[in-house]
Structure formats: structure tokens, C-alpha cells
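# Per-entry structural report
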Amino acid sequence: MSKSKQAILRFYNTASRSIEEFTLPKDVPAVRMYCCGPTVYHYAHIGNLRSYLFEDFLRRTLEYFDYEVNHVVNITDVGHLTSDQDEGEDKMEKGAERTGKTVWEVAEYYTQAFFKDIDLLNIVAPTLWCKATDHIPEQIDLVQKLEAKGYTYNTSDGVYFDSLKFDRYADFARLDVENLQKGARIDMGEKKFVTDFALWKFSPADSQRAMEWPSPWGKGFPGWHIECSAMAMHHLGPTLDIHCGGTDHIRIHHTNEIAQSECATGQTFARFWMHGEFLRMGESSKMSKSSGDFLTLKVLLDQGYHPMEYRLLALTSHYRNYLNFSFEALDSAKDGLRNLHRRTDPLIGKATAISSDSALKWQHDFKSAMSDDLNTAKALGILNSMLRSDLDDGEKSALVLDFDKVLGLQLDKTMPEKAKQSSLATEEIEALIAQRDQAKAERNFIESDRIRDELANQGIKLQDTPQGTIWESE
RNA sequence: GGCGACAUACCCAAGUUGGUAAGGGACGGCUCUGCAAAAGCCAUAUUCCCCGGUUCGAGUCCGGGUGUCGCCUCCA
């Protein structure tokens, strides 16, 4: 235990744009980690999921290095408009329209769907999931604090944060505020400055919103960024050790979170900011959840892929680089996982202590790869090289289990069962295999090869082993 | 219009402080096998988008160019 602490964790901190050594302040017993979660108006797509995988690699790495982690992830179940003005549709209400459900049902449905994806991908559940709608009082409280300190002003449609009053506003995202002003694509409305943003929005007088709450400013709903600040600070305190999210959040969402949080408390909001880069689709670009055109995990599953295959694909690239998704790449992850299991499955149950110098060296190499800003691709390379080495099975087995604490590929279990997609029933397949075995025994290879071909046409692959014939479907 | 990222073999992809290109997949050869598969072995970028420069030495630093993409509107 003390041994692993010797390795130094180093992460890229968006705030400083450089790699820094990660340590915990002396009086802090557990890592205070907050990650921006999904807005549950639709399914999470595989690009979203890549981010949660990155956060999972981070969480598992911290624990691998003996840190206790207090990990909070929010569920945004309150709709935000598509712009500061009321010109856009509320995401949740749009989801309700699309599905014919109430906004609350929509939130519940997609929250459950999200949990299922997380579970399938073997992502460790956060210590706490928190919902925006369960923390309305905390959000109102935070807005009131800002109001009391003079950081807000009201317009006819809401309470706004006065970003010019926070002189470090542009620092985090290295914004060029003057040019932002010129290039703004969105109508300012009554806002005083481009970077000002809504803390609380008033419900329109003429229509009833599906989600609205009473507040000191009248009926309305929270602004887009306040929930994260309110929940993060409510559950983890004024300062977080790590705050994660997608890179798209840097400019707007996280900049605003910092502004409102630090103005309210006067303390640093987050010590480390870590951002996951996007998944790209072929030549086109990123997947867009709001456009409705995206790939979900379920689509992958329906096509016969296993969640661990996607997880392996995510592991092969670095979280701060684009990952170019293609089915060709997924297929290679699929074969890669199969090949990995061919090496690890025979080791199951053979684990001994990791004690030899060479075993400790492999472990050290793996650890240093992960400590180097989560170099999962390198760590995977070490796993492969270790498996091909002349280390004995007991230590190999133990190392596989050890590495998998971070990789999370479920290598402690045998190759996952593939969905049986053949039109043939299992009994028919086994009957044909029996016939083939008979033919083989009679050395009637013409017949045995005919059966092999027949099954191959059905997508069934046969493999003769010392233990008999086994099969798997494509 | 502003800001920024990336460019490594057929595909995915790693490359600390510059020192002579991980790993995975596919493909090819050999051994083994009735066949096939598995397994094992071997091979596989004189080269890192292009052009200059710094250096004994650059994928790695500097300058210029080209290309792709992202953000500036909710978005991981």
C-alpha cells in the first residue's frame, strides 16, 4: 500500500494547461470529485459515454493509487432553453413532445436508460448521483448569496450574473472577451454583456411551464449552470479536488461555474479541471445529442457488439485526444478483446502473489503508465507484453486481476457469451456437430467438411480442441 | 470574424525533459493440423502532412505553409 503511494500521479489540469502532480491537501481524507452528468432528455450516445469511461478510468486510477474517492455526478433533469432568450425550446419539454410522456416521465425513463448503459460498460457508480430538481433550494440559496454580494442584476426574464464584476472571468478558458463581443452569434436581449448568463429564469406570464418552482423572484426555474455549482458545493464543500467534463464545457459551462462559485464563496472552486475530448464519427465530426442523430450503446449491442468491446476501444486512445469512431475500429477492438481473452481465460483462478522482480516490474510499468495522465493505451500495451512474457501463470493471473482493477474489462471472467444470432437452435447445432464428429471418426472428411461448411454458412464457427469440438456464432 | 486542437504504417493508436518509431487489429510467411481453428515463431514505417531553421542528433524545439476538426447556441 505504501509502495503504490510512491508512484506519483500526474494529470493535465485545464486550468494551468499543463501536467501537474496530483496530491490531496493534508486535511482532506478523500478526493472530492465532481463530474458533469447527462441531461436526461434523450439517450446518451457513445460519444457521451466515452466521457464517462474517461471519468471511470480516472476514478479507478485514483483508487488504484489508494485514494478514497468521493465521487458525485449530477443528473440534469430540468430543461434548459437553447439560448438565453426564450427563442429555443426547452430540451425536456421537447423530449416530452417527442415521446408523448410528461417531462418527469421523460427524465425518469432516460435516467434509467443511462444507468443501464453505465452498468453495461462496467463503469463504477459514483458515490452519489444527484438530481437537479432535488436541489432547487440549494440553487436558490446560491443565487441569493450572489445577489447579496452584488454580482447579479435583473432583466424582465430573469436574474443574471454580471460577469464584468468577476475580473478573472476570462482566465480559465483564455477568452478574448472583446472579440467574443464582436463575434457573438446570439442576440444579447437585455443582457448587459455577452458573457453574462442567467442564474434564474422567470416563467413566462402567459404560459405554464412543465417544470417551475416558487422563488424569491417569483415562479421560475434555474439557469443552466447554477445546478452544478450548487450541488457540487452542497455535497463536497466549496473546493473540489477534481472537476471533470467534456471539452465543450470549458468555455461556457465551467467558466460560468467558476464565476458563480468563486464569487459566492471567495474560494477556489476546483483544484484540478480535467476534460475528455470528443469522439468523432468518420470524416464528419462529433456526434450531436441535440441534433438527434447519433449512435447509442443499444444500437451497438443490437448489432452484436459487447459493451466491453467499446470499452476497449476507448482504452486504446488517450482521453485528451479525439477518438475516431468507425465500425472498422470497433471490429478491431472486438477481435482484440477476443484475443485478449484467449490469453487471460486460461489464467482464471491461478493467481498467486505478485512477488518476483519481473512481476513487480510489470506492475510498476503499468502503474507509471496510468499515473502519467491516464495513459491507457500504453497500459494496454504493457498488459499485452506481460501476457506474452515468460512470467509464470500464477503471477500473470494476479497481474491481470490487478491491472483490470483499472481497466475494468472484466478479465476475471471468461469471454462474454455472444448473442446467438444464428437461425439454428442450439440443439440443431450440437446435433450437426455430433454428426460431424461421427464422420470424422470414420475418416469421412468429405462429409465432415460439408457439415463444417454448412454451419459456417449459418455463421457458426467450429473449433476442434483436445476437449472436443466447440463452436461460437459470429 | 475570433479562439483553439489535431496531422505517426492498410485501420485504431502510444511516444517523459530532443538520442535514433510501443501496443492492438488486419495482412503475409513458417511450424503444427485430415481440413479449419487455436497456439508458437518470423516479417512488416530508414520513417512520423510539406518546406525551411536550431542541433553532433528532431516525430519530439522554432518559423512558414497545407489539410482536417472543434468551440464561440443546449451539447461529453
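Conventions and cut-offs
- Residue numbers restart at each chain and count upward from 1, following the sequence in its written direction.
- The order in which chains are written sets their letters, starting at A; the order in which ligands are written sets their numbers, starting at 1.
- Reporting in this predicted model follows two pLDDT cut-offs: at least 70 for local features of residues, and 80 or more for side-chain atom pairs to be given and counted; totals over whole chains, interfaces and linings ignore these cut-offs and use all residues.
- Computation of side-chain values: all heavy atoms of the structure, hydrogens and water removed.
- Pairing of aromatic rings covers Phe, Tyr and Trp, the last through its six-membered ring, and needs centres within 6.5 Å; plane angles under 30 degrees mean stacked, over 60 mean edge-to-face, and all others mean tilted.
- A run of DSSP states H or I qualifies as a helix once it reaches four residues; a run of E qualifies as a strand once it reaches two. Both are numbered from the N-terminal end.
- Only protein chains enter the accessibility calculation, which uses a 1.4 Å probe. A residue is then buried if its area is under 20% of the maximum for its type, exposed if over 50%, and partly exposed in between.
- Only strands joined by at least two bridges in the DSSP assignment are considered to pair.
- Axis lines are fitted through C-alpha atoms, for helices just across the contact stretch, and the angle between N-to-C directions can take any value from 0 to 180 degrees.
- Each residue carries a pLDDT score, the predictor's own confidence in it, on a scale running from 0 to 100.
- By the convention used here, residues are in contact when the closest approach between their heavy atoms is within 4.5 Å.

## With respect to the packing of aromatic side chains
By convention here, two paired aromatic rings are described through the distance between centres and the angle between planes. Under the criterion given, the structure shown has 22 aromatic pairs. Ring centres 4.6 Å apart and planes at 40° place the aromatic pair F115 and W129 in the tilted group. Placement of F115 in helix α4 (residues 103-120) and of W129 in strand β5 (residues 128-131) is noted, with a sequence separation of 14 residues between them. Overall, W129 belongs to the partly exposed group, its relative accessible area being 25%. With centroids separated by 4.0 Å and ring planes inclined at 5°, the aromatic side chains of F366 and F403 adopt a geometry described as stacked. Taken together, the residues span a long stretch of sequence, with F366 in helix α12 (residues 357-371) and F403 in helix α14 (residues 393-407) at a distance of 37 residues. F403 matches F366 in its accessibility class, with the two residues each being buried. Among the aromatic residues, ring-to-ring pairing joins F11, F22, Y67 and F272 into one connected group.

## Re the sheet that holds strand β7 (residues 158-161)
Spatial strand order, β6-β7-β8-β9: four strands in an open sheet with antiparallel pairing. Bordering the open sheet on either side are β6 (152-154) and β9 (220-222), each of which pairs with just one other strand. Across the sheet, the mean angle separating the axes of adjacent strands is 25° when strand polarity is ignored. Pairing analysis gives three bridges linking β6 to β7, with the strands arranged antiparallel. Bridging from a neighbouring strand, T152 pairs with F161 of β7.

## Quick word on the environment of S332
Mapped onto the elements of the fold, S332 is located in helix α11 (residues 327-344). As for S332 and E309, which are separated by 23 residues in sequence, their C-alpha atoms are 8.9 Å apart.

## Thoughts on the confidence of the model for chain A
On average, chain A scores 86 in pLDDT, and the residues at 70 or more come to 89%. Confidence drops under pLDDT 50 across residues 1-5; counting only partners more than four residues distant or on other chains, this segment forms eight contacts. This stretch, residues 82-88, has a pLDDT under 50; its non-local contacts, to residues over four places away or in other chains, come to 23 contacts.

## Focus: unusual backbone geometry
Within the chain, R174 stands out as a residue other than glycine whose phi angle is a positive 50°. The residue R174 is located in the loop between β7 and α6 (177-183) in this model. Given a relative accessible area of 48%, R174 falls into the partly exposed group. Unusually for a residue other than glycine, Q410 sits at a positive phi of about 60°. On the secondary structure map, Q410 appears in the loop between α14 and α15 (426-441).

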